[in-house]
Amino acid sequence: QVQLVESGGGLVQPGGSLRLSCAASGSSFSISSMGWYRQAPGKQRELVATFTSRGSTNYADSVKGRFTISRDNAKNTVDLQMNSLKPEDTAVYSCNADVVVVSPYSRYLEVWGQGTLVTVSS
């Protein structure tokens, strides 16, 4: 009933920039928060940034000052602007949303996108 689709990943040189986008689609749902996570080779998935329905944001210490998360509640989208990229930022970036689905009955879901690969290398 709810799907997340990411876009914007690719190959970029150190110091460069990328903008990731995530769009939620479906029916009979509402979103309380959206965010971005990443998983580097051989490592566990980690939080990058989140944006709640009330407008508060949180960032991992490793990306503060370089990444900016933004959200459009009307369009159910969340973006991640990534500047001053470093090789250690290389990872699969996944969009996440906390969702309430109301049909056929009300229930909570944590929804993940399929991920988009970001590679920072010269």
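Residues numbered from 1 in each chain as written. Predicted model: local features only at pLDDT ≥ 70, side-chain atom pairs only at ≥ 80, totals over all residues. Heavy atoms only, no water.

Asker: Explain the pattern of salt bridges to me, using residue names and the numbers behind them.
Answerer: Enumeration according to the criterion identifies 5 salt bridges in this entry. We note a salt bridge from Arg-19 to Asp-79, for which the minimum N-O separation is 3.2 Å. Of this pair, Arg-19 sits in strand S3 (residues 18–26) while Asp-79 sits in strand S8 (residues 77–82), and the two are 60 residues apart along the sequence. One salt bridge in this structure joins Glu-46 and Arg-38, with 2.8 Å as the shortest N-O distance. For Glu-46, a relative accessible area of 35% gives the class partly exposed. Ionic contacts of the salt-bridge type, sharing partners, join the residues Arg-38, Glu-46, Arg-66 and Asp-89 into one network. (Salt bridge = Lys/Arg side-chain N within 4 Å of Asp/Glu carboxyl O. Helix = DSSP H or I, 4+ residues; strand = E, 2+ residues; numbered from the N terminus. Buried < 20%, exposed > 50% of the residue type's maximum accessible area, 1.4 Å probe, protein only.)

Asker: Hey, could you go over the environment of Gly-113 for me, with residue numbers and the actual values?
Answerer: Checked against the element boundaries, Gly-113 lands in the loop between strand S10 (107–112) and strand S11 (116–120). Given the relative accessible area of 15%, Gly-113 is considered buried. For the pair Gly-113 and Ala-23, spaced 90 residues apart in sequence, the C-alpha to C-alpha distance is 9.2 Å. With residues near it in sequence (within four places) discarded, Gly-113 still touches Leu-4, Glu-6, Ser-94 and Cys-95. (Contact = heavy atoms within 4.5 Å.)

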